[in-house]
Amino acid sequence: MSKGSGLGPWFGTTRRNFLRQSSALGLTLATGSLITASVRPAWAQGKPGGTLIAAFSADPAGFDPQRGPSGMSHVVIEQVYSTLMALDPDAKPYPELAESFEVSEDGLTYTFKLRQGVLFHNGDELTAEDVKFSFDRLRAPDSGYSYTAQVEDIASVDVVDPHTVQFKLKKRVGPFLIYMAFPGSSIVPKKVVESGHDLNAHPIGSGPFKFVSYQPRSAIKFERNEKYFEVGKPYFDAMEYRIIADITALTNAVMSGEVNFSNEIPPKDWAQITANPELAGVTLEGSRYNWLLPNNAKVPLDNPKVRQAVAVALDREALVQGAFFGLATPILGGVVPQWNWGYADIQYFKPKGDPEKAKQLLAEAGFPDGFETTMTIASSFPAQMAMAPIIQANLAAVGIKAKIGTMEIPRYWDEVWSTSNFDITTMYWLSPLADPDDFLTNNYKCGMAINVQKYCSTKMDDLLEKAKIAPTQDERKAAYHEVAQTSLDEMGQVPLVNGWLLIAHSTKLQNYKPMRTGFLKTLKDAWFEG
């Protein structure tokens with residue numbers, strides 16, 4: 001392994017930085033190319049017990065890692081399944097199911113040694129065969145996996161022995177270890193799936209909690225996995241995810257103590273939360289990236305100047321204040337946020353919009369009087385609903401008359417999103433963003449499952465590839481600057497705001513570490529005081 005260069009940007013490019021950063025990640029260097037999980041400081045011992053009740057506003061879209069496309073699916077999947085790597089609260093990777101891993105000099109071969117004795121919830125042992133099966137399943141041409149960018153460069157997955165698995169890549173992949181920590185990369189039980197069991201209805205994994213039941217629009221219930229491989233964890237006897245579509249009712253449930261955790265507090269209610277002495281409130285800028293998707297395959301949105309007109313017409317300050325009550329960051333350039341190493345620092349949009357420039361662009365595109373269109377919004381997502389009338393008014397001011405239609409999840413996924421049956425829609429992304437590729441390739445590369453706006457650019461594809469395989473972080477950062485500029489020039493999608501994570505929980509909850517990703521894996525490390 002040449003100075004850690006095959007391990008992705010967080011490891012740096014020198015042996016000294018590699019050693020220092022690996023130590024910071026809880027990884028220790030055993031040989032020139034072997035990373036092993038070190039013994040971490042023991043968590044303060046809380047008394048196990050109790051039920052954590054968390055509140056969310058939307059239903060999941062399934063529990064099978066291969067088929068669950070939404071963030072709500074992922075916060076279930078991460079509790080039930082395990083991955084080769086995991087992310088810490090700052091979205092840096094460390095071994096989870098892997099006991100150690102080795103990277104070849106050219107960065108094309110990753111060999112993972114698995115923990116021994118890890119059991120699936122049905123009692124079967126997790127082996128290298130299950131790892132191979134899980135990734136072959138994702139890589140299958142008809143898999144329907146939404147995050148194909150994360151597995152498309154895997155040439156093969158080979159079983160070396162029952163507890164050793166080797167990945168061979170077609171080319172260097174900077175964010176490969178990040179991909180190994182994504183919920184979609186969860187390891188599923190080969191025998192169970194081959195028997196015909198439907199993981200989408202009843203998931204079976206090796207994670208800290210066992211799935212018990214799901215009642216749509218009501219609750220998802222879990223119980224403690226007594227045989228979880230992190231001895232003593234989780235501390236809760238059970239967890240319950242309450243689905244409370246009415247955001248005011250969600251806040252009331254947290255305020256009253258009926259619910260003791262939520263990372264979906266509506267911005268309008270944040271002042272109430274912070275004034276409650278029995279609640280702890282945490283704000284964190286992560287990567288809840290909100291964007292507008294113009295259907296690039298529909299006239300007149302197939303014209304880049306029209307898409308640019310839509311983009312510059314928007315008053316992002318009004319979106320921050322009106323939809324997020326000031327608890328968001330307007331995106332004025334590329335989509336990667338300032339806290340991430342891939343930030344491009346491009347100031348493209350005026351915070352309050354530029355209606356005159358929008359009108360000029362429309363005229364240049366042949367639409368001096370504007371045009372009529374439709375905007376379909378997922379009604380299950382409060383922030384999207386709050387932004388819609390503001391966007392509508394901004395567009396009307398430049399002559400674009402957008403009629404708003406709404407549809408609930410999961411019907412929206414089936415009838416609007418997956419079929420690209422819209423003129424304009426909006427969405428938000430719950431992203432690890434430990435690596436910029438996590439968001440960018442999935443959303444900007446031609447033909448990707450999440451690229452439902454049908455944007456396709458050879459120039460962008462080439463730049464994304466350049467950024468993904470560059471051997472150093474500095475080279476990758478320079479390439480991502482080009483990606484950001486091209487994304488604004490071609491405006492395949494329209495960046496809006498980065499909504500802050502607004503987390504509220506009972507003050508009795510101890511040792512909870514919020515994650516920039518918005519994921520909840522660290523709940524396994526928390527407990528109730530007293």
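Residues numbered from 1 in each chain as written. Predicted model: local features only at pLDDT ≥ 70, side-chain atom pairs only at ≥ 80, totals over all residues. Heavy atoms only, no water.

## Some points on the state of the cysteines
Here is step 1 of the chain: Under the criterion given, the structure shown has one disulfide.
Here is step 2 of the chain: Sulfur-sulfur distance for the disulfide between Cys446 and Cys456 comes to 2.0 Å. Across the disulfide from Cys446 to Cys456, rotation about the S-S bond amounts to roughly 100°, and the bridge is consequently right-handed. With a gap of 10 residues between them, Cys446 in the loop between α13 (437–444) and α14 (458–469) and Cys456 in the loop between α13 and α14 connect regions that are remote in the sequence.
Here is step 3 of the chain: For Cys456, a relative accessible area of 55% puts it in the exposed group. (Disulfide = S-S within 2.5 Å. Helix = DSSP H or I, 4+ residues; strand = E, 2+ residues; numbered from the N terminus. Buried < 20%, exposed > 50% of the residue type's maximum accessible area, 1.4 Å probe, protein only.)

## What to know about the pattern of salt bridges
Here is step 1 of the chain: In the structure shown here, the tally under the stated rule is 30 salt bridges.
Here is step 2 of the chain: Linking Lys468 and Asp153 is a salt bridge whose minimum nitrogen-to-oxygen distance equals 3.1 Å. Taken together, the positions of Lys468 in helix α14 and Asp153 in the loop between α3 (128–139) and β8 (154–161) put the pair 315 residues apart, joining distant regions of the chain.
Here is step 3 of the chain: Among the residues examined, Asp153 registers a relative accessible area of 8% and is labelled buried.
Here is step 4 of the chain: Residues Lys524 and Glu230 are paired through a salt bridge, measuring 3.1 Å at the closest nitrogen-oxygen approach. In this pair, Lys524 sits in the loop between β20 (509–510) and β21 (527–528) while Glu230 sits in the loop between β11 (219–224) and β12 (238–243), placing the two residues 294 residues apart along the sequence. Grouping residues by exposure puts Lys524 and Glu230 together as buried.
Here is step 5 of the chain: Each of Glu152, Asp153, Lys171, Lys445, Glu465 and Lys468 takes part in a single network of salt bridges with overlapping partners. (Salt bridge = Lys/Arg side-chain N within 4 Å of Asp/Glu carboxyl O.)

## Here's the deal with the pairing of strand β17 (residues 400–407)
Here is step 1 of the chain: Here strand β16 (residues 371–378) pairs with β17 via eight bridges, running parallel. Each bridged residue has a counterpart across the sheet, and for Thr374 the counterpart in β17 is Lys403. (Pairing = 2+ DSSP bridges.)

## Points about the packing of aromatic side chains
Here is step 1 of the chain: Applying the stated criterion across every chain, the model contains 26 aromatic pairs.
Here is step 2 of the chain: Arranged with centres 5.2 Å apart and planes meeting at 50°, the rings of Phe63 and Phe211 form a pair that is tilted. Of this pair, Phe63 sits in the loop between β3 (51–56) and α2 (71–80) while Phe211 sits in strand β10 (residues 209–215); the two residues are 148 residues apart in sequence, bridging distant segments of the chain. In terms of burial, Phe63 and Phe211 fall into one category: buried.
Here is step 3 of the chain: Ring geometry for Tyr235 and Trp527: centres 5.1 Å apart, planes at 90°, overall edge-to-face. Of this pair, Tyr235 sits in the loop between β11 and β12 while Trp527 sits in strand β21; the two residues are 292 residues apart in sequence, bridging distant segments of the chain. (Phe/Tyr/Trp six-rings, centres within 6.5 Å; stacked < 30°, edge-to-face > 60°.)

## Details of unusual backbone geometry
Here is step 1 of the chain: Of the consecutive residues Lys233 and Pro234, the connecting peptide bond is found in the cis state with omega at -5°.
Here is step 2 of the chain: By secondary structure assignment, the location of Pro234 is in the loop between β11 and β12.
Here is step 3 of the chain: Of note, the amide linkage connecting Val299 to Pro300 takes the cis form, showing an omega dihedral of 0°.
Here is step 4 of the chain: With respect to the helices and strands, Pro300 occurs in the loop between β14 (279–294) and α8 (304–313).
Here is step 5 of the chain: The phi torsion at Asp345 lies on the positive side, around 55°, for a residue other than glycine.
Here is step 6 of the chain: Looking at where Asp345 falls in the secondary structure, it is placed in the loop between β15 (328–330) and α10 (355–364).
Here is step 7 of the chain: Here the phi dihedral of Met491 falls at roughly 50°; this positive angle occurs in a residue that is not glycine.
Here is step 8 of the chain: For Met491, the location among the structural elements is in the loop between α15 (473–490) and β19 (494–506).

## Notes on α8
Think of an α-helix as 3.6 residues a turn; residues three or four steps apart then line up on the same face.
Here is step 1 of the chain: Burial analysis of α8 places eight of its 10 residues in the buried class, the great majority of the element.
Here is step 2 of the chain: Within the span of α8, buried status applies to Val306, Arg307, Gln308, Ala309, Val310, Ala311, Val312 and Ala313.
Here is step 3 of the chain: Its side-chain oxygen 2.8 Å from the backbone nitrogen of Lys305, Asn303 forms the N-cap of α8. (Polar contact = N/O pair within 3.5 Å; in protein donor to acceptor, adjacent residues only side chain to side chain.)

## So, empty space enclosed by the protein
Here is step 1 of the chain: Applying the stated criterion to the full structure yields four cavities of 30 Å³ or more.
Here is step 2 of the chain: The wall of the largest cavity is formed by 13 residues, among which Glu78, Thr83, Ala181, Pro183 and Lys521 lie closest to the centre.
Here is step 3 of the chain: Tallied by class, residues from the lining of the largest cavity come to seven nonpolar, three polar and three charged. (1 Å grid on protein atoms, 1.4 Å probe; cavity = no way out; pocket = protein on both sides within 12 Å on 5 of 7 lines; lining within 4 Å. Points joined across faces, edges and corners; volume = space filled by probe spheres on them. Nonpolar A, V, L, I, M, F, W, Y, C, P; charged D, E, K, R; others polar.)

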